[in-house]
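# Notes for the structure review
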Amino acid sequence: MGKRVLAVDDSKTMRDMVSFTLKREGFDVVEAEDGVAAIEKSADGAFDLVISDVNMPRMDGITLVGKLRQDPKFRATPILILTTEADQAKKAAGKAAGATGWIVKPFDPDQLIGVVNRVCR
Amino acid sequence: MNAEEAVLATVEAIAAGRETSSDAKQYVSFAAGDEQYAVDIISVREIKGWTDVTSLPNQPDHVRGVLNLRGAVLPIIDLQCRLGGGLTETSPRHVIVIVAVDDRQVGLLVDAVSDILSTSDERIQPVPETSGREDARVFSGFLTEEDQMVAMLDLPRLLGSEVLDSALHEQTELQ
Amino acid sequence: MNDFEQFKQTFFDECEELLQQFEDVAGTLKAGSNDPAGLDDMFRSVHSIKAGAGAFKFDRLVKFAHELENVMDRVRSGRMELSEGDPEFIIEAGDVLQDLVAAARRGVEAAAGLEDEALGRLQAMLAGGSVDAVAADVENVCDKGGAGDFRIDFRPHRAMYETANEPQLLFHALVALGELSVVADLTKLPDLAKMQPDEGYVSWQIEVRGVPDRAAVEEVFEFVDGDCDLTIEPLSSVAASPAEVVVEPEVEAPDAKPVAKAENSGPAGVQSTSIRVELERVDQLVDMVGELVIAQAMALDSLSELVDIRHVKQLQALEDLTMRTRQLQEGVMAVRMQPLKALFQRFPRIVRDLSRKLGKSVRLELDGEATEVDKTIIEELSDPLTHMIRNCMDHGLETPEERQAAGKPEQGVVRLSAEHRNGRILIRVSDDGRGLNPEKVFNKAVENGLVDADAELNKEEIEALIFMPGFSTAAEISDVSGRGVGMDVVRRNIQKLGGRVTVESNEGEGSTFTLALPLTLAVLDGMLVSVAGERYVVPLSAIVETVCPDASVIRALPDGGTVMPLRGEAIRLIDLCQSMNLSRHGQAEPLRKLAVIVETEFGRRVGLVVDELLGQQQVVIKSLEANYRRIEGVAGTAILGDGRVRLILDIDGLAAMAGRNPDISPKGGEIAKPEEATGGLSA
């Protein structure tokens, strides 16, 4: 069984692309359309990696990271946030909440795989 | 050949066609009235025995009606009648050859399936300019097999007026 | 990037929703403060469009979305306030965004300079908006460094482990860059008993050789910067190449309170959870349920012969199955139903643009946006409705001067409304313009050879002439409603959906176009009737009652038709046997025929004369056009329990056939084309 990834984004396009790229690399991808849905999915079991967008309805990515980090299952799980350009504030906020790292949009499959390999066993 | 045998022969022919990589193309030939006709085996989807069709109001005589084929509704064209002959007197021995043209499926009512012909393009002769038959445009060529002329059907032309024409028009409108 | 072509469709579909969301809120914006939730939605819409556009390299779209996103971000975070005129501009900016998306979707370059004006204004808003806007992000000044060998001192803090970063993985990443040697410093490691599992006790001295550039090394430690003591020095004494200073053009200011905001949005949960499903999958489901309905009907058919009173249990089970099948079908069909809102909301923009272009002031009134219709129908309605609205504005409404002269308010009104009626949906497009002038319409039809000059037509018939092929001529095709498309095409498209369009007009007061459409294209409740040995399905929704008229009350009409009285109303009878061109083949006519009284879309009643009623049945509609063509008087086909195909009657078509004025001769319409000898494909 491949590693389990939780991909969180309110944009289906982004979810699809993240999903497609990771599946091609042998990951099992579970998708969630926002923070609330991600929390629900996280209740079902542990993940080897979480990739989350920042701007989402209902619960944003930063809040999601903070909440996941408080869950013992996710204490050691790498969590990446998807952020635009050099948004230092978002990166800092993400990190403060416990994000492992970030992926800078626009989406680039090579970058995604590169970063994932840097944080994921 | 009855319908069942024809199906088997078609399946075998298709299988054989996949194995031989020669230039030979395969055709399903059938009889309608006193004539022999053939279509490219590629366009044949299915062959089934005649069953009653549901007739359509105010349509040309050769449109015999429609039939349910696994949930799709197909028109059945009486080939003999379409080519200027009289209506076919149907019996359970008659056969419907289901062909596909441009994403559409149509059944051709014929007397019987005759054979699977295997032939190369060179052997098919063009339609003579003065064939005398006013319906000659619906043929793509002729093949002479054992003293018998087999007319190759040009399906888009044969079915164009009923089946394809209107569809093409409607698709291009309101773009 | 080719792998990602497949996501373009999703992206564009999503854009449509996002643009709609943007537009929805944009329409409510006002100068000063606005609803924060709405602003968040707008910001996110633009943000998502930008992110997707970036992945597909739609550069102009990205650039524009970026500026608009920045403005929206300021506005939503309270760092910028909309002043007078700004809300209108935001709507326009949304339009530009939409145009850029549309161009990308079609795979063409948008018109040069399309976005320039709006872009300039966005940038001006950002520059003048607030003080922090001009503060460049100095953190991004970085040293690219040079290639070579590096020595790295790396001492993780506890915080680094708390973000699930692993030194080991970093070393792996370094291995990918060059030759690596790592020495662990364990001197700080406490006794096992005192050890905190999360604490960082170990530090490393790392040497990595043959690295392409320093930035690559920094990138490896990108995520842990700040959570560790880190020094990176070139191993060789040779200084790195002169440092290049790069200032990122990013001017976005830090978001003041990201966490607090998120907390607020938590409990609201107003947005209903939804999933996106490929339409194809829903269609498969619809098809499967359709087959199930047929199978169930077949089972019922064959079992009903066997079942008697001893089999009450089986009978009940069967009834239960029937009911559940029905419920399942309704449930599946409901998945396809969508409110018309998404469609209707395109029109304010179209009307706004057009009123500017035409120099006419127009108010658009929308009503019944919540009416639900099958998604397929909604999609197919977009073009015809757009055309009709353009038509109303271009030809229907007068110029402001003309309106003034006629004593009407300068501003014209175009109304678009929808409602459910008799299991169908009625959509009306009306205007308060000049209306149709019957004389002009008639003369034009004569001119174009559609009717004889001496034909006698009533008002209704004259108005219907505008739907004839060949009625609108090239001479009047304007750049607004022309596009080479006439009302005949609108009608044909509506007919393709199993619908009908009519017009009602009063000169000087305006015109109303009415579209009547089925709610869904998949199932229908029908009454099975028989005539001369043939069976047909009559849509149940059209049936008013069934009567058994006495032959003596039936009167002949001069045009060859017949009528019967019904509660004071003369009902025209349609002899199905005749309309369907059936022959009785020696089958005796029944002694007393039945007249099924049906109502046409527009309230007219006619009686279908049949031999027998065979009972109600729900049927799955199968298009005749999928493999054949449209036939007048036939709405579609149905496959019944016995597996046979039956024709579903088109009441309005039949009424039109029966009551057709022989003076009107449609040109090349859908009525029985003359048989061209070979009818070849002209292409």
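A few points on the structure. (Residues numbered from 1 in each chain as written. Chains lettered and ligands numbered in written order. Predicted model: local features only at pLDDT ≥ 70, side-chain atom pairs only at ≥ 80, totals over all residues. Heavy atoms only, no water.)

Another point: the overall build of chain A. Tallying secondary structure elements over chain A gives 5 helices and 5 strands in all. Taken from N to C terminus, the helices and strands of chain A fall in the order β-α-β-α-β-α-β-α-β-α. The 121 residues of chain A split such that 65% are buried. Restricting the contact set of chain A to residue pairs at least 6 apart, pairs at least 24 apart contribute 60%. Here chain A displays about 4,000 Å² of accessible surface, and carbon together with sulfur accounts for 51% of that area. (Helix = DSSP H or I, 4+ residues; strand = E, 2+ residues; numbered from the N terminus. Buried < 20%, exposed > 50% of the residue type's maximum accessible area, 1.4 Å probe, protein only. Contact = heavy atoms within 4.5 Å. Areas by Shrake-Rupley, 256 points an atom, 1.4 Å probe, with all protein chains shown as cover.)

Let us now look at helix α11 (residues 312–336) of chain C. Here α11(C) contains 25 residues, and its C-alpha end-to-end distance of 37 Å stays within 8% of the 36 Å for a straight helix at 1.5 Å per residue. Those residues of α11(C) lying buried are C:Leu318, C:Thr325, C:Gln329, C:Val332, C:Met333 and C:Arg336. (Expected span 1.5 Å × (residues − 1).)

What follows is about the packing of helix α13 (residues 347–358) of chain C against helix α14 (residues 375–396) of chain C. Residue and element names in this part refer to chain C. Packing of α13 against α14 brings their axes to within 11 Å, and their N-to-C directions diverge by 30°. For the element pair α13 and α14, the recorded crossing hand is right-handed. Contacts from Phe-347, Ile-350, Val-351, Leu-354, Ser-355 and Leu-358 of α13 reach α14 at Ser-382, Leu-385, Thr-386, Ile-389, Arg-390, Met-393 and Asp-394. Of the residues contributing to the contact of α13 with α14, the split by class is 8 nonpolar, 3 polar and 2 charged. (Axes fitted to C-alpha atoms, helices over the stretch in contact; angles between N-to-C directions. Left-handed = near helix turned anticlockwise from the far one by under 90°. Nonpolar A, V, L, I, M, F, W, Y, C, P; charged D, E, K, R; others polar.)

Another aspect to go through is the pairing of strand β21 (residues 605–610) of chain C. Residue and element names in this part refer to chain C. Burial analysis of β21 places 5 of its 6 residues in the buried class, the great majority of the element. By the bridge criterion, 4 bridges tie strand β19 (residues 569–575) to β21 in an arrangement that is parallel. The residue bridging Ile-574 from the neighbouring strand is Leu-608, located in β21. Sheet analysis places strand β20 (residues 594–599) next to β21, joined by 6 bridges and oriented antiparallel. When the sheet's bridge partners are listed, Val-596 is paired in β21 with Leu-608. (Pairing = 2+ DSSP bridges.)

Moving on: the pattern of salt bridges. This structure, assessed with the given rule, holds 37 salt bridges over all chains. In this structure, B:Asp121 and B:Lys25 form a salt bridge, with 3.9 Å as the shortest nitrogen-oxygen distance. Here B:Lys25 lies in strand β1 (residues 25–32) and B:Asp121 lies in the loop between β8 (112–119) and β9 (139–145), a separation of 96 residues in the sequence. A salt bridge links C:Asp99 to C:Arg349; the nearest nitrogen and oxygen atoms lie 3.0 Å apart. Of this pair, C:Asp99 sits in helix α4 (residues 86–106) while C:Arg349 sits in helix α13, and the two are 250 residues apart along the sequence. A residue is classified by how much of its surface remains accessible, and C:Arg349, at 12% relative accessible area, is buried. Taken together, the shared-partner salt bridges in this structure form one network comprising C:Asp13, C:Glu16, C:Arg105 and C:Arg346. (Salt bridge = Lys/Arg side-chain N within 4 Å of Asp/Glu carboxyl O.)

This part takes up the environment of C:Thr562. Residue and element names in this part refer to chain C. Here Thr-562 shows up in strand β18 (residues 562–566). A sequence separation of 10 residues divides Thr-562 from Arg-572, and the C-alpha atoms of the two residues are 6.0 Å apart. In this structure Thr-562 touches Ile-554, Arg-555, Ala-556, Leu-557, Ile-571, Arg-572 and Leu-573, once residues within four positions along its chain are discounted.

Another point: the packing of aromatic side chains. Considering all chains together, one arrives at 14 aromatic pairs over all chains under this definition. Ring centres of A:Trp102 and C:Phe223 lie 4.8 Å apart, and the angle between their planes is 65°; this geometry places the pair in the edge-to-face category. One end of the pair, A:Trp102, is in strand β5 (residues 101–105); the other, C:Phe223, is in the loop between α8 (214–220) and β5 (228–234), on a second chain. For the pair shown, A:Trp102 and C:Phe223 are each scored as buried. A network of ring pairs unites the aromatic residues C:Phe11, C:Phe12, C:Phe56 and C:Phe58 as a single cluster. Of note, A:Arg4 hangs over the ring of A:Phe47, and the distance from its end group to the ring centre comes to 4.2 Å. We note A:Arg118 situated over the ring of C:Phe223; from NZ or CZ to the ring centre the distance is 5.0 Å. (Phe/Tyr/Trp six-rings, centres within 6.5 Å; stacked < 30°, edge-to-face > 60°. Lys NZ or Arg CZ within 6 Å of the ring centre and 35° of its normal.)

What follows concerns the packing of α14(C) against helix α18 (residues 487–496) of chain C. Residues and elements named next belong to chain C. Here α14 crosses α18 at 150°, and the two axes come no closer than 10 Å. Looking at the two axes, α14 sits roughly antiparallel to α18. For the pair α14 and α18, the crossing hand works out as left-handed. Between α14, through Leu-381, Pro-384, His-387, Met-388 and Asn-391, and α18, the contact on the second element is made entirely by Met-487, Val-490, Asn-493 and Ile-494. The residue makeup of the contact of α14 with α18, split by class, is 6 nonpolar, 3 polar and no charged. (Parallel < 35°, antiparallel > 145°, perpendicular 65-115°, else oblique.)

Attention now goes to the side chain of C:Asp488. For C:Asp488, the position within the fold is in helix α18. Aside from chain neighbours lying at most four places away, what touches C:Asp488 is C:Ile466, C:Phe467, C:Met468, C:Pro469 and C:Gly470.

Residues and elements named next belong to chain A. Spatial ordering of the open sheet is given by β2-β1-β3-β4-β5, a layout of 5 strands whose pairing is parallel. Every interior strand has two partners, whereas the edge strands, β2 (28–32) and β5, have only one. The mean angle between the axes of side-by-side strands here comes to 20°, regardless of whether they run parallel or antiparallel. Taken together, the 5 bridges between strand β1 (residues 4–8) and β2 define a ladder with parallel strand orientation. Its bridge partner lying in β2, Val-5 is registered against Val-29. Contacts from helix α1 (residues 12–24) reach β1, β2, β3 (49–53) and β5 within the one sheet, and its direction differs from that of β2 by about 170°. Sitting on the sheet, helix α4 (residues 88–97) touches β4 (79–84) and β5, and the angle it makes with β4 is about 165°.

All names here are of chain B. Ordered by their spatial adjacency, 5 strands build an open sheet running β8-β1-β2-β10-β9, and the pairing between neighbours is mixed. At either margin of the open sheet sits one strand with a lone partner, and together these are β8 and β9. Adjacent strand axes in the sheet meet at a mean angle of 30° when their direction is disregarded. Summarising the sheet, β1 and strand β2 (residues 35–40) pair through 6 bridges and their orientation is antiparallel. Note on β2: the bridge partner recorded for Ser-29 is Ala-38.

Geometry only, nothing functional implied.
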